[in-house]
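Structural overview
Below, each chain spelled out in residue letters.
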Amino acid sequence: MSARQPFNQPLRPPSAAAGLPRHRRAPATAARPPSDRFIELLAAGLMLLAVTVTFTISTAVLTNWKIHYVTAGGNFYEKIHPATYFTFLAFALLLLRSRGPIGEIERMLSGAKLLLVYLACWFFLLVQVIALERPFTVIIDTFLLPIVLCLVIWELGPAHRRWLVGALHFTVLVNVVLGYYEFLSGHRLIPLTLGDVVVTGEWRSAALLGHPLTASGLIAAYVMALVLRPALCPPLVLRLPLIAFCLMSLMAFGGRTSLVTALAIIALCAVAEALRLLRGKRVPLPAAIIAICALFAAGAAIFAAFDLGIFDKMLLRFSSDKGSALARYATFDLLSHFDWQELLLGPNPVRASALQSQLGLNYGVENFWVSSIVQFGVLHTAALTIGLVCFFIEVIRRSDNAVWAIVLLIAVIAASSVSFSSKNIQLAQFSILISLLLPRNQPRLAAPAPLAARGSYRPIPV
């Protein structure tokens, strides 16, 4: 018996959530002061803006609006993405809750100690960037924004998170519709730019996501989330057309790597489901009828689209990659032009840019690790990789098992494109998608039975 509990009071049963980690416990909303609930409401509103602008305001959109985000010139505040402003404001608001800033930070990171390793690796990279007098806003949007986004999303309650999930679905589907429009009409809403250079003659859609490869990776991740997490859209009659609608848009966005990865994972899921059916898994008759009808409808639609020539441009991407294979070969050949000291600590940016132009890599080094070595050196690339591994371990711990497919897609994209080695918010987009669409299901805690009920007589069933 506790010394603080009066002897004449009944013993209180221990909470069923007492043995769970802090991030797995349900928030006691009734016990929080009204000021904390109001602050969380404001933070949720800011995060709603952050999610919306993350999937609608890309680098190309900012450049089209004459904002010097990646182009030369402009003021300091133009070099930070709007999503970073909204996210950091939401994070600062959460620090003003009743525990105080120190208490809130301690509580946020006490259940996610691996994030401290990531922050230490990021700070190590920040010191190098400042010491070499390079723009440090690159690593803020690319590497610091994702972790702050996750920390804020993990702090919000289920009701507030539903707002963000709705905004995510809406913005992704808007980009899918705009991708179809650009592909079928041949009219690009936002000019495709790489820095100050406007890219012409590109048939692949980009919608509001700025670049075809960025759009392809995000839509492929969204499709895999729908396939592997049926709870996102429970009605089968709605989920199957939605998956097909988004999957077919990958033909418009033209990302070969994302398309092949998504199809491979969907095929593995189909084979696993077929094996379960052969072993006697029961399926409701309406679901089986809908699945068979959808299968035949999808086959007919694919043959009709192939006959109309809709897939011709995408198929040409596989037969003629326009030098992509040579560019990836030149990517690894680039490292041979640097000595060991340059490779360890990072070469001179002017010399590295000149070598890239000489080798025909004007559009960037299409490998995250090679590009990071060229920018920061082997030591800082290794530290950054360790930090990213710790970050994804923490994300996986808090996510459904379907997250492994998204992590595989992220690794493939990082190994085959510029991806996170340039100034962008692509890693933040994946972090939002995983945190909102693939959270780990909270265990349902049974309410403790009253003492009178525990001691009452219960007949033994015969």
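Located above this text is the structure these notes cover.
Figured I'd write up the structure that's included with this text. Just so you know, the residues in each chain are numbered from 1, in the order the chain's sequence is written. In view of the model being predicted, local features appear only for residues whose pLDDT reaches at least 70, and side-chain atom pairs are presented and counted only at 80 or more, with totals across whole chains, interfaces and linings using the full set of residues. Just so you know, side-chain values use all the structure's heavy atoms and leave hydrogens and water out.

1. Focus: the overall build of the chain
In this text, helices come from DSSP runs of H or I with a minimum length of four residues, and strands from runs of E with a minimum of two, each type numbered from the N-terminal end. Looking only at helices and strands, the chain has 20 helices and 2 strands in total. Exposure is judged per residue with a 1.4 Å probe applied to protein chains only, and the accessible area is read against the type maximum: over 50% gives exposed, under 20% gives buried, and values in between give partly exposed. Evaluated residue by residue, the chain yields a buried proportion of 45% over its 462 residues. Here, two residues are considered to be in contact whenever any of their heavy atoms come within 4.5 Å of each other. For the chain, the share of sequence-separated contacts (at least 6 apart) that also reach a separation of at least 24 residues comes to 74%. Calculation of accessible area relied on Shrake-Rupley with a 1.4 Å probe; when residues are assessed, cover is drawn exclusively from the protein chains displayed. By element, 69% of the accessible surface of the chain is carried by carbon and sulfur atoms, the whole surface being about 24300 Å².

2. A word on the pattern of salt bridges
A side-chain nitrogen of Lys or Arg and a carboxyl oxygen of Asp or Glu constitute a salt bridge if their distance falls within 4 Å. Scanning all chains against the criterion turns up 10 salt bridges. The residue E202 makes a salt bridge to R204 at a minimum N-O spacing of 2.8 Å. Residue classification places R204 among the buried residues on the basis of a relative accessible area of 9%. Two residues, R351 and E342, come together in a salt bridge whose shortest N-O distance is 2.9 Å. Judged by relative accessible area, R351 falls into the partly exposed class, the value being 36%. Classification of E342 by relative accessible area gives buried; the value is 17%. The structure contains a network of salt bridges with shared partners spanning E40, R97, E104, R107 and E155.

3. Some thoughts on unusual backbone geometry
For A207, which is not glycine, the phi dihedral falls at a positive 55°. Backbone geometry places S419, a non-glycine residue, at a positive phi of 45°. With respect to the helices and strands, the residue S419 is situated in the loop between helix 18 (403-416) and helix 19 (426-437). Classification of S419 by relative accessible area gives buried; the value is 6%.

4. As for helix 15 (residues 349-358)
The set of residues buried in helix 15 consists of A352, L355 and Q356. Looking straight down helix 15, one finds its buried side chains confined to an arc of 100°; they lie on one side. In helix 15, the exposed positions that point more than 90 degrees away from the buried face belong to V350 and Q358. Each direction from the helix axis to a C-beta atom contributes to the arc, which is the arc of those directions.

5. Overview of the environment of I243
Positionally, I243 belongs in helix 9 (residues 236-253). In the structure, I243 is positioned 17 residues away from L226 in sequence and 6.7 Å away in space, judged by C-alpha atoms. When sequence neighbours within four positions are dropped, the list of residues in contact with I243 reads V223, L226 and V227.

6. Here we look at the packing of aromatic side chains
Each aromatic pair joins two rings of Phe, Tyr and Trp (for Trp, the six-membered one) with centres within 6.5 Å, and gets the label stacked for planes under 30 degrees apart, edge-to-face for over 60, and tilted for any other angle. Using the criterion set out here, one finds 7 aromatic pairs in the structure. Three or more aromatic residues joined by ring pairs form one cluster here, namely Y118, F391 and F392. For the cation-ring pair, R398 lies above W154, with the distance from its terminal atom to the ring centre recorded as 4.1 Å. K423 extends its terminal NZ or CZ atom over the ring of Y69, reaching a point 4.3 Å from the ring centre. Should the NZ of a Lys or the CZ of an Arg lie within 6 Å of a ring centre and within 35 degrees of the ring normal, that charge is described as sitting over the ring.

7. Things to note about the side chain of T84
By the secondary structure assignment, T84 is in helix 3 (residues 82-94). If we skip the residues at most four places from it in the chain, T84 touches I140, D141 and L145.

8. Notes on the packing of helix 9 against helix 10 (residues 256-278)
Here the axes come from fitting lines to C-alpha atoms, over the contacting stretch only for helices, and the angles between their N-to-C directions go from 0 to 180 degrees. Close contact between helix 9 and helix 10 brings their axes to 10 Å; oriented N to C, the two are set at 155°. It follows that helix 9 is roughly antiparallel to helix 10 by the angle criterion. By crossing handedness, the relation of helix 9 to helix 10 is classed as left-handed. The segment helix 9 lies against helix 10, with L247, L250 and M251 engaging L259, A262, L263 and I266. Across the contact of helix 9 with helix 10, the residue classes tally to 7 nonpolar, no polar and no charged. Roughly parallel covers angles under 35 degrees, roughly antiparallel covers those over 145, roughly perpendicular covers 65 to 115, and oblique covers all other angles. Crossing handedness is defined as follows: a turn of the near helix away from the far one that is anticlockwise and smaller than a right angle gives a left-handed crossing, while the clockwise case is right-handed. Note on residue categories: nonpolar means Ala, Val, Leu, Ile, Met, Phe, Trp, Tyr, Cys or Pro, charged means Asp, Glu, Lys or Arg, and polar means any other residue, Gly included.

9. Here we look at the environment of I57
Mapped onto the elements, I57 comes out in the loop between helix 1 (34-54) and helix 2 (59-64). On a C-alpha basis, the gap between I57 and H81 in space is 8.7 Å, while along the polypeptide they are 24 residues apart. Once residues within four sequence positions are removed from consideration, I57 is found in contact with L62, W65, H81, L208 and I425.

10. Brief notes about a nonpolar patch on the surface
Any residue with relative accessible area above 30% and no salt bridge may belong to a patch, with like charges joined within 9 Å and the nonpolar Val, Leu, Ile, Met, Phe, Trp and Tyr side chains within 5 Å. On the surface, a cluster of nonpolar side chains totalling about 530 Å² of accessible area is made up of F76, Y77, Y85, I130 and F136. For F136, the location among the structural elements is in the loop between helix 5 (114-131) and helix 6 (137-155).

11. So, the state of the cysteines
Disulfides are defined as cysteine sulfur pairs within 2.5 Å. Applying the stated criterion across every chain, the model contains 0 disulfides. Between C121, a cysteine without a disulfide, and C390, which holds the nearest cysteine sulfur, the sulfur-to-sulfur distance is 6.6 Å.

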